[in-house]
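Topology and contacts: notes
Okay, here's what each chain looks like letter by letter:
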Amino acid sequence: MTQGIYRGGAEPRDIFTRLATGVDGTPMPSYKDSIDPPELWALTQYVLSLRAPQTPKPHAADPIEAGREVAAKYSCRGCHVLDDGKGGDVGPDLRVSAQKLFPEWVRAFLTAPRDYGKIYPWRVYRMPDLRLSNDEVEVMTKYLAAIGKRQEAPITLPDTAKFPEDKLGEGKLIYFLRCTECHNLGTVIETPLVKQQGPDLIRVARRVDYEWAKQWILNPRQIDPKTRMIAPDITPEQVDAVRMFVWKTAIEANKTAVANRQPHLAQAP
């Protein structure tokens, strides 16, 4: 396998097909009934990783074209919808991810995805560790930034010192009434695992853009028709209040995790 020569082709989809269907007339069996597709893709990437290193080709100058090249190499379309609107739904739609995620967070996540745990509790599978090279991490970070029309810049957090106490109190109440049905908030406001549908919001501040979150909360299906997020039926002013409460709580929790040297709870600096 280190030679990279395989019967039926050496592209990821070729290896996947061989694993799924087997090879007629040989002892190679079909695994489609015993291994789920995302695990077959993971096995495909492992088999491909056994090949002896080759001199890498330079990536396309256009960030979207370069991203498509890396996405094709790792068969990202098998789990994600890409910028052209085509792909699987095992993982998040990358067009939506591109709008909301800070490039700095994307870079850290792609470097070590398993360090971040299972972000979406309702999804069956987690993001596998593809062991992207540093160059590939940069390509995919810039790819998402280009799709989302985001500028490469440090993570910007709102100034929580300017949040009025009355709005924070209102936001906390709204969170209890609307958000606890699906979201956990670390150990501050815990939601039973069986009810958790969306991400744990205790790590949201350094991951999701604060300004983008307002439009998302007001009308999530306008942004992503397939989302499980339900519009909470609150006013824009109430959305501001709940954002203030969640972001202030998340930022303070991150500072505490850093101070206590709990990197598994803290976000990338």
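Conventions and cut-offs
- Residues numbered from 1 in each chain as written.
- Predicted model: local features only at pLDDT ≥ 70, side-chain atom pairs only at ≥ 80, totals over all residues.
- Heavy atoms only, no water.
- Axes fitted to C-alpha atoms, helices over the stretch in contact; angles between N-to-C directions.
- Helix = DSSP H or I, 4+ residues; strand = E, 2+ residues; numbered from the N terminus.
- Left-handed = near helix turned anticlockwise from the far one by under 90°.
- Contact = heavy atoms within 4.5 Å.
- Nonpolar A, V, L, I, M, F, W, Y, C, P; charged D, E, K, R; others polar.
- Buried < 20%, exposed > 50% of the residue type's maximum accessible area, 1.4 Å probe, protein only.
- Salt bridge = Lys/Arg side-chain N within 4 Å of Asp/Glu carboxyl O.
- Core = buried A, V, L, I, M, F, W, Y, C linked by side-chain atoms within 4.5 Å.
- Parallel < 35°, antiparallel > 145°, perpendicular 65-115°, else oblique.
- Patch = residues over 30% accessible without salt bridge, like charges linked within 9 Å, V, L, I, M, F, W, Y side chains within 5 Å.
- Areas by Shrake-Rupley, 256 points an atom, 1.4 Å probe, with all protein chains shown as cover.
- Phe/Tyr/Trp six-rings, centres within 6.5 Å; stacked < 30°, edge-to-face > 60°.

Some remarks on the packing of helix α5 (residues 103-111) against helix α6 (residues 134-147)
When two helices pack together, their arrangement is given by the angle between their axes and by how far apart the axes lie. Contact geometry of α5 with α6 gives a least axis separation of 9 Å together with a crossing angle of 145°. Once α5 is placed against α6, the crossing between them reads as right-handed. Of α6, the residues touching α5 (which contributes P103, V106, R107, L110 and T111) are V137, E138, M140, T141, L144 and A145. Residue classes in the contact of α5 with α6 are distributed as seven nonpolar, two polar and two charged.

Section: unusual backbone geometry
At K149, a position not held by glycine, the phi torsion is positive, near 55°. For K149, the location among the structural elements is in the loop between α6 and α7 (165-179). Phi is positive for D233, close to 60°, though the residue is something other than glycine. Within the secondary structure layout, D233 lies in the loop between α9 (220-223) and α10 (236-259). Exposure remark for D233: the relative accessible area of 69% places this residue in the exposed category.

Section: the pattern of salt bridges
Under the criterion given, the structure shown has 13 salt bridges. Its salt-bridge partner being E181, residue K195 comes within 3.2 Å of it at the nearest N-O pair. You can see K195 sitting in the loop between α7 and α8 (210-218) and its partner E181 sitting in the loop between α7 and α8, a full 14 residues away along the chain. Exposure remark for E181: the relative accessible area of 44% places this residue in the partly exposed category.

Let's talk about the nonpolar core
If you look at the biggest cluster of nonpolar residues, it comprises 28 residues, and the most contacted ones within it are Y175, L185, V204, V242, V246 and W247. Looking at this core, the element that brings in the most residues is α10, giving eight residues. Y175 has contacts with T180, H183, N184, L185, I189, L201, V242, F245 and V246, leaving out every residue within four places of it along the chain. With 25 residues, the next largest nonpolar core counts A66, F102, Y116 and Y120 among its residues.

Overview of the packing of α7 against α10
With their axes 7 Å apart at the nearest point, α7 and α10 run at an angle of 95° to one another. Judged by the inter-axis angle, α7 sits roughly perpendicular to α10. Counting all contacts with α7, which are made through K167, L168, E170, G171, K172, I174, Y175 and C179, the residues of α10 involved are E237, Q238, A241, V242, M244, F245, V246 and K248. In the contact of α7 with α10, the residues fall into nine nonpolar, two polar and five charged.

Some details on a nonpolar patch on the surface
Residues L173, F176 and L177 make up a contiguous nonpolar surface patch of about 320 Å² in total accessible area. Among the secondary structure elements, L173 is positioned in helix α7. The exposure class of L173 is exposed, given its relative accessible area of 51%.

Observations regarding the environment of P92
Mapped onto the elements, P92 comes out in the loop between α3 (63-73) and α4 (94-100). The sequence separation of P92 and M127 amounts to 35 residues, and the corresponding C-alpha distance is 9.9 Å. Setting aside chain neighbours within four positions, we find P92 in contact with H80, V81, S97, Y120 and R123.

Examining the packing of aromatic side chains
Any pair of aromatic rings gets described here by the distance separating the centres and the angle formed by the planes. If you walk through the whole model with that rule in mind, you get eight aromatic pairs. Geometrically, the ring pair formed by F16 and W41 is stacked, given 4.3 Å between the ring centres and 20° between the ring planes. A residue pair is termed long-range when its members are at least 10 positions apart, and F16 in helix α1 (residues 12-21) and W41 in helix α2 (residues 37-49) qualify at 25 residues. Here the aromatic residues W105, F109 and Y116 are joined through ring pairs into a cluster of three or more.

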